[in-house]
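Remarks on the overall topology
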Amino acid sequence: MEETHTMPETITPAVPPTPPVPLSSLLAREDLALRQIAGPSDPDIVIHWAHTSEMADPYPYLLGGELLLTAGVHIPEAAGSGTYFDDYVSRIVAAGGAALGFGLAPVHDTVPRALVAACDAYGLPLLEVPPQTTFSGVARAVWQLMAQARLAELRRVTEAQQSLAAAASRPDPIPSVLRQLAQRLGGHAILYGPDGTEIAGAGREPAEGVQEALAGLAGVVRPTGRGTPGPEHEPDGTLATTHPTRTDATLTTPGSRPTVTPSSSSTATTPKAPATPKAAVTATTRPAPTSATDTHADTHLAAYALGAGEGFVLGVATPRREPGDHTIASVASVLLSLLTGEHHSGAGAARSSALVRLLLGSAPEEVAPLVGEGRWVVVHARPEGQAPDAVAASALGAALGSPLVDLGRDVVRVLVPAEREPVPQPGWTLGVSAAAGPREWPAADTQAARALARARATRTPLVRHGARPGLEDLVPRADAQAHARALLAPLAAQPALAETLRTWLSLHGSWDRTAVALDVHRNTVRQRIARCAALLGADLDDPDVRMELWFALRQG
């Protein structure tokens, strides 16, 4: 049963995942000549974008994090004697606005004193924009600073990914990865075992109480029935032990605003203010969260569940939270998932034995028990917009619940137990075969490849091979295969033509979709289909001919 939380009066709207721009960096631009004349001068104040509005109530048009720019066109003549400016500023603050820029000329020669007082009262930074500085120039400067920050973040993440991958290949991979992660984040990293004990740690020693708080946060993401529970604070403020429900949770503690990310989504839940001084846990019936964040005093905490539910957890404590920190920690969690999975289950030795036996001539059905019992599905996956790399392939395997991953030039293949039904993965296009035993794995591999081609052609995140009974089941398989060989004999020496014909028929004769599925030009598709028609001596516009050819091609 879910508990109810009191909603805060003001909820800051979500902002995009682009690096914010410190307000101080914008004020430091000499070409803008901006001057702060009211509000706090906190160096942590950041801008997510610039927006211009002359509405008396800008609240409905703000998303949060803006530098709102106005020339004061909306200000009535008698505004200074009433509550106009208080109402105006309070609505900006309620909408999550980060700062207000007031342009001088042509409407106002000076910033109204009542507006300065209102910004001081509501804690909203107020900037004076000189006449020579256009609002477009301010917006352009924000985007330039944002682009610079984004480039710096990408460079930092790339360098961290390379160093973490190198650390994972050293003789002591787990301590090396933790040391490199702690160095890159400037904090402390800990690997917790399934029972909640600290297996290894690295980095600067955290402040008093941080390790206890981090261990408690690790309990929040640990799967059901494993290890220690999450933290709960007694009324006197001390940390107590409790047993929160191991489901998707939002954990709140005094003086902190933790966020928990459920395993079914990559988007964190919106932090909510605690209803009482004691920690509260809200739970739903969704799966256990895969990551959680919190703060302890001035230290930022994060916990990441590793692997496919074995109970290992990565904990990170840092004095500050920089853009890219979550991505860097996620890369480390993928590497540690692979390392702890090998160590915990002995799966690496079993897979090595299976590979050796296959190379020495054993049949697949004899080797299959070493990697798992039962039936399996083959998944072909292709990332959007780039070639797959080893880390991305390993992360995909972990998400699908299988360490049996093959990284190809353009496609990642994963062998997944049939009981773990694959689901769409963000950033990937998947083709899934029917469940098959070891003898049928080569056929399942072909099914997955064709399903992926269809998924890409139809822009569908996941396509499964259709395995329901059809008319072909009414014909003895040997007779069907003999008929198919005879009908398709003219194409036997040119497999590219047969595959193009199969794809073209499966996509209802669409030239464009077939071109996408085969990674060729649409004119190439037209030429191949015309060649097929000539070799077969058939009218491919005839639905009966198409049906017979489709029946024959399915036997291959």
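**Things to note about the packing of helix 13 (residues 495-506) against helix 15 (residues 522-536)**
Helices that pack against each other are described as a pair by the angle of their axes relative to one another and the distance between those axes. Look at helix 13 against helix 15: their axes get within 9 Å of each other, and the N-to-C directions meet at 105°. When the axes of helix 13 and helix 15 are compared, the pair comes out roughly perpendicular. On helix 15, the residues that touch Ala496, Leu497, Thr500, Leu501 and Trp504 of helix 13 are Val525, Arg528, Ile529, Arg531, Cys532, Leu535 and Leu536. For the contact of helix 13 with helix 15, the class distribution of residues is nine nonpolar, one polar and two charged.

**A closer look at helix 2 (residues 84-94)**
Those residues of helix 2 that fall on the buried side of the exposure criterion are Tyr84, Phe85, Tyr88, Val89 and Ile92. With its buried residues spanning 120° around the axis, helix 2 presents them on a single face. Buried residues along helix 2 sit in contact with strand 5 (66-70), strand 6 (99-103) and helix 3 (113-122).

**Quick word on the packing of aromatic side chains**
By the definition in use, this model includes four aromatic pairs. Between Tyr84 and Phe85, the aromatic rings sit 5.6 Å apart at their centres with planes inclined by 85°, giving edge-to-face as the arrangement. For Tyr84, a relative accessible area of 19% translates into the label buried. Judged by relative accessible area, which is 4%, Phe85 ranks as buried.

**Structural notes on the sheet that holds strand 5**
Strands sit in the order 2-7-6-5-4 across an open sheet of five strands; the sheet is mixed. Every interior strand has two partners, whereas the edge strands, strand 2 (35-38) and strand 4 (49-52), have only one. Each neighbouring strand pair of the sheet contributes to a mean axis angle of 30°, computed without reference to strand direction. When strand 4 meets strand 5, the two strands line up parallel, connected through four bridges. From the neighbouring strand, Ala50 faces strand 5, where its bridge partner is Leu67. Strand contacts of helix 4 (residues 135-168): strand 4, strand 5, strand 6 and strand 7 (126-129), with the helix running at about 165° to strand 4, the strand carrying the most contacts.

**Regarding the nonpolar core**
The biggest cluster of nonpolar side chains holds 28 residues, and the ones touching the most others in it are Leu164, Val177, Leu178, Leu181, Leu314, Ile328 and Leu336. Broken down by element, the residue count for this core peaks at seven residues, all from helix 7 (residues 325-345). The residues contacting Leu178, other than those within four sequence positions of it, are Ala189, Ile190, Leu191, Ala200, Gly201, Ala202, Leu314 and Leu336. With 20 residues, the next largest nonpolar core counts Ala79, Tyr88, Val111 and Ala118 among its residues.

**Structural notes on the sheet that holds strand 20 (residues 412-417)**
Sheet strands associate in pairs through backbone hydrogen bonding, adopting either a parallel or an antiparallel arrangement. Ordered by their spatial adjacency, five strands build an open sheet running 19-20-18-21-22, and the pairing between neighbours is mixed. In this open sheet, the two edge strands, each paired with only one partner strand, are strand 19 (405-407) and strand 22 (462-464). Put simply, the sheet's adjacent strands are angled 15° from each other on average, direction ignored. Relative to strand 22, strand 21 (residues 428-432) runs parallel, the two sharing three bridges. Looking at strand 22, one finds that Gly431 is bridged to Val463. Sheet strands in contact with helix 11 (residues 441-458) are strand 18 (376-383), strand 20, strand 21 and strand 22, and its direction is about 35° off that of strand 18.

**A look at the pattern of salt bridges**
Counting across every chain of the model gives 15 salt bridges. Between Arg464 and Glu421 there is a salt bridge; the shortest N-O distance is 3.4 Å. Here Arg464 is found in strand 22, whereas its partner Glu421 is found in the loop between strand 20 and strand 21, with 43 residues between them in sequence. According to the relative accessible area criterion, Arg464 is partly exposed, its value standing at 38%. Asp541 serves as the salt-bridge partner of Arg546, at 4.0 Å between the closest nitrogen and oxygen. Overall, the relative accessible area of 63% leaves Asp541 in the exposed class. Salt bridges linked by common partners bring Arg382, Arg456 and Asp519 together as one network.

**So, a nonpolar patch on the surface**
A cluster of nonpolar side chains, namely Leu355, Val356, Leu359 and Leu360, defines an oily patch on the protein surface of about 460 Å² accessible area. Checked against the element boundaries, Val356 lands in helix 8 (residues 347-359).

**What about the confidence of the model for the protein?**
Per-residue confidence for the protein averages 80 on the pLDDT scale, and 80% of its residues sit at or above 70. With pLDDT under 50 throughout, residues 1-15 is counted as low confidence; its partners more than four residues away or in other chains account for 23 contacts. Note that pLDDT drops below 50 for residues 225-285; the model gives that stretch 149 contacts with residues more than four away or on any other chain.

**A look at empty space enclosed by the protein**
Following the criterion strictly, the structure yields two cavities of 30 Å³ or more and no others. What lines the second largest cavity is simply Thr70, His74, Ile75, Tyr84, Phe85, Tyr88, Leu100, Phe102 and Leu115. Elements with a minimum of two residues in the lining of the second largest cavity: helix 2 and strand 6. Of all the elements, helix 2 adds the most residues to the lining of the second largest cavity, at three residues. Taken together, the residues of the lining of the second largest cavity break down into seven nonpolar, two polar and no charged.

**A closer look at unusual backbone geometry**
Each neighbour pair has its own omega, and for Ala105 with Pro106 the value is 5°, a cis peptide bond. Structurally, Pro106 is set in the loop between strand 6 and helix 3. For Ala33, which is not glycine, the phi dihedral falls at a positive 55°. Even without being glycine, Asp519 reaches a positive phi, approximately 60°. Along the chain, Asp519 falls in the loop between helix 14 (511-518) and helix 15.

**With respect to the pairing of strand 6**
The side chains of a regular strand alternate, first on one face of the sheet and then on the other. Of all the five residues making up strand 6, five are buried; the element is thus mostly covered by neighbouring parts of the structure. The two faces of strand 6 match: Ala99, Gly101 and Gly103 on one face and Leu100 and Phe102 on the other face are all buried. Sheet analysis places strand 5 next to strand 6, joined by four bridges and oriented parallel. Bridging across to strand 6, Leu69 finds its partner in Gly101. Bridge analysis of strand 6 against strand 7 gives four bridges, and the strand direction is parallel. Each bridged residue has a counterpart across the sheet, and for Phe102 the counterpart in strand 7 is Glu128. This β-α-β element, strand 6 to helix 3 to strand 7, shows right-handed connectivity.

Cut-off values and rules
Residues numbered from 1 in each chain as written. Predicted model: local features only at pLDDT ≥ 70, side-chain atom pairs only at ≥ 80, totals over all residues. Heavy atoms only, no water. Axes fitted to C-alpha atoms, helices over the stretch in contact; angles between N-to-C directions. Helix = DSSP H or I, 4+ residues; strand = E, 2+ residues; numbered from the N terminus. Parallel < 35°, antiparallel > 145°, perpendicular 65-115°, else oblique. Contact = heavy atoms within 4.5 Å. Nonpolar A, V, L, I, M, F, W, Y, C, P; charged D, E, K, R; others polar. Buried < 20%, exposed > 50% of the residue type's maximum accessible area, 1.4 Å probe, protein only. Arc of directions from axis to C-beta. Phe/Tyr/Trp six-rings, centres within 6.5 Å; stacked < 30°, edge-to-face > 60°. Pairing = 2+ DSSP bridges. Core = buried A, V, L, I, M, F, W, Y, C linked by side-chain atoms within 4.5 Å. Salt bridge = Lys/Arg side-chain N within 4 Å of Asp/Glu carboxyl O. Patch = residues over 30% accessible without salt bridge, like charges linked within 9 Å, V, L, I, M, F, W, Y side chains within 5 Å. Areas by Shrake-Rupley, 256 points an atom, 1.4 Å probe, with all protein chains shown as cover. pLDDT = per-residue confidence, 0-100. 1 Å grid on protein atoms, 1.4 Å probe; cavity = no way out; pocket = protein on both sides within 12 Å on 5 of 7 lines; lining within 4 Å. Points joined across faces, edges and corners; volume = space filled by probe spheres on them. Right-handed = clockwise from strand over helix to strand, strands pointing away.

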